[in-house]
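Understanding the architecture of this molecule
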Amino acid sequence: MFKAIYRIAWKDVAGDLRRRATLSSMLFFAISVLVVFQAAFEPDRKEALRLLPGLLWATTLFTTLVGLGRVFQAEEEDGAFEGLLLASVPRGVIFFGKWLGNLLLTLLVEFLILPLTMVLFNVDAWAHIPAILAILALGTLGLTGLGTLLAAMTRGARSRETLLALLLLPLTAPLLISGVQAVAAILATDGQVAPWLKLLVIFDVVYLAMTPWAFGWLVEE
Amino acid sequence: MNPAVTDATDQPVARLEGVRHRYGRHLVLAGVDLNVARGECVVLYGANGSGKSTLLALLSTRYAIREGAYHLDGLDVRHHGQEARERLLFVGHHTHLYGHLTSVENLLFFSDLRGLSVSEPQLRRALDTVGLAKAADKPVQWFSAGMRKRLALARMLLAQPLLLLLDEPYSALDTQGVNWLNAMLTDYLNQGGAVIMASHDPERVAVLHHRPHHLARGILTPLDTPRPEVA
């Protein structure tokens, strides 16, 4: 079972690194968003520190949407999605494989954009990088989990990227707010991070428990 | 009917009873009954849109059986879809291959999703058998339709399924490919495998010992001789 999950994720990540399709789009998009924010606000160091949590999560959300729009792109070729469904593994395994591949690409982008954000906005929060990355990763688990399910739902739709955004944004709003507040609490000297982390964990558990089951139901014909 | 082929035994590989399927209000299959035994090849003939591919999709578990019963190796497929998929292999119009992966990687992907423990030399031997040894490490996106079909059929050598479902298997194959496929299917049937295939090509199927059936207006009827053009 774990071998199948690994193999599906490997296929997606290796394929993307070979074609430089999704990762490069996500990175380009993330950098563009950050540059636009910087040019629009031109914040001083204090203001930038206050804006940083929102900026990071907004950039994460937009880049995740770019990645999710392409999560089933490889399966559009030569009936490959049907091939996946004919595999003798539970539907949940297929879901977790697709989710893991998308998660790894998104985490890689987050790992790259965090220091870039610090440099662009001249923010001195280098000591908090491990904690911020951990919060981003925690939130990304649920964000990509729900996103992978919605990507599967909108796979055949004509304007799937728009539909995906319309569905994902309201459903992940509580998770995003928790993520923003958790990063803000880390950056503040007297912030309470634990309650927001608990909320993030709850959202992750709920999303990742429900989505494999929903995926199995979704793909039955 | 080919005299060398026995009819269904007490333990059929696949058994369909009263299977009906509809797309919306359009009834495609109106109560299909079929028994397929080990070592037996059933060929489905019928006009375009007669429901052959739908029947294969139901047999492959891609579509759920909503009316009627389908047993594969004694398993009720309605409740044991995953176990049924372990016992069958479907090669249809689509080859289910990933263009960015090489032949070896595509077979490795298939093996891992099927839970097979196959070594790389075994994968390369399978590729050699289907005539793709030289293309083993090339991305599949550059392959011709015939090469893709051969690679899809190489999965059969790895999986050794109990039931092989083929939808127009001869399409995209050259004469040499057709001969090779028929030889491979003959070996497979001799080893006790079962085949259900949809075809429009009775001349190419003729080499195989098989039971022809005709599908029209949702009814599957056994034939004495193939009549593929009958609508």
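Rules used in this analysis
- Residues numbered from 1 in each chain as written.
- Chains lettered and ligands numbered in written order.
- Predicted model: local features only at pLDDT ≥ 70, side-chain atom pairs only at ≥ 80, totals over all residues.
- Pairing = 2+ DSSP bridges.
- Helix = DSSP H or I, 4+ residues; strand = E, 2+ residues; numbered from the N terminus.
- Axes fitted to C-alpha atoms, helices over the stretch in contact; angles between N-to-C directions.
- pLDDT = per-residue confidence, 0-100.
- Contact = placed C-beta atoms within 7 Å.
- Nonpolar A, V, L, I, M, F, W, Y, C, P; charged D, E, K, R; others polar.
- Core = buried A, V, L, I, M, F, W, Y, C linked by C-beta atoms within 7 Å.
- Buried ≥ 20, exposed ≤ 12 C-beta atoms within 10 Å, placed from the backbone.

This brings us to the sheet that holds strand S10 (residues 219-222) of chain B. Residues and elements named next belong to chain B. Strand order in this open sheet of six strands is S6-S7-S8-S3-S9-S10, and the pairing throughout is mixed. In the strand order of this sheet, the two ends are held by strand S6 (88-91) and S10, each with one partner. Recorded for the sheet is a direction-independent mean angle of 20° between the axes of neighbouring strands. Relative to S10, strand S9 (residues 211-216) runs antiparallel, the two being bridged by four bridges. Along S10, the bridge assignment pairs Leu215 with Leu220.

Here the focus is the confidence of the model for chain B. Looking at chain B, pLDDT values average 87 and 93% of them are 70 or higher. Overall fold confidence (pTM) sits at 0.88, and the ipTM for the predicted complex is 0.84.

What follows covers the interface of chain B and chain A. The interface is formed by 21 residues belonging to chain B together with 22 residues belonging to chain A. Those elements that provide at least two residues to the side of chain B that touches chain A are helix H2 (81-87) and helix H3 (103-114) of chain B. It is H3(B) that contributes the most residues to the side of chain B that touches chain A, four residues altogether. Each residue belonging to the side of chain B that touches chain A can be placed in one class, and the counts come to eight nonpolar, eight polar and five charged.

Moving on to the nonpolar core. Ala14(B), Leu44(B), Leu163(B), Leu165(B), Val195(B) and Ile196(B) are the most contacted members of the largest nonpolar core, which has 124 residues in total. Counting residues per element, this core draws most heavily on helix H6 (residues 129-153) of chain A, at 11 residues. When sequence neighbours within four positions are dropped, the list of residues in contact with Leu165(B) reads Leu56(B), Leu59(B), Ser60(B), Leu88(B), Leu89(B), Phe90(B) and Ile196(B).

Let us look at unusual backbone geometry. All names here are of chain B. A positive phi angle, near 45°, is found at Gln160, a position not held by glycine. Tracing the backbone through its elements, the reader meets Gln160 in the loop between helix H5 (145-159) and strand S7 (163-167). Phi angles above zero are rare outside glycine, and Ala172 is one such case at about 75°. By the element assignment, Ala172 lies in the loop between S7 and helix H6 (175-190).

Before going further, it helps to spend a moment on the sheet that holds strand S5 (residues 75-76) of chain B. Residue and element names in this part refer to chain B. A sheet is described by the order of its strands in space; here four strands give the open sequence S2-S1-S4-S5, paired in antiparallel fashion. Strands at the two margins of the open sheet, each flanked by one partner only, are strand S2 (26-36) and S5. Inspection of the sheet shows strand S1 (residues 14-23) paired to strand S4 (residues 67-72) by five bridges, in the antiparallel sense. Following the sheet pairing, Ala14 is matched in S4 by Leu72.

All names here are of chain B. With five of its six residues buried, S9 lies for the most part within the structure. With four bridges joining them, strand S3 (residues 41-45) and S9 adopt parallel strand pairing. Paired with Val42 across the strands is Arg211, a residue of S9. Hairpin connection, S9 to S10: the antiparallel pair is bridged by two residues, and Arg217 has positive phi, about 50°.

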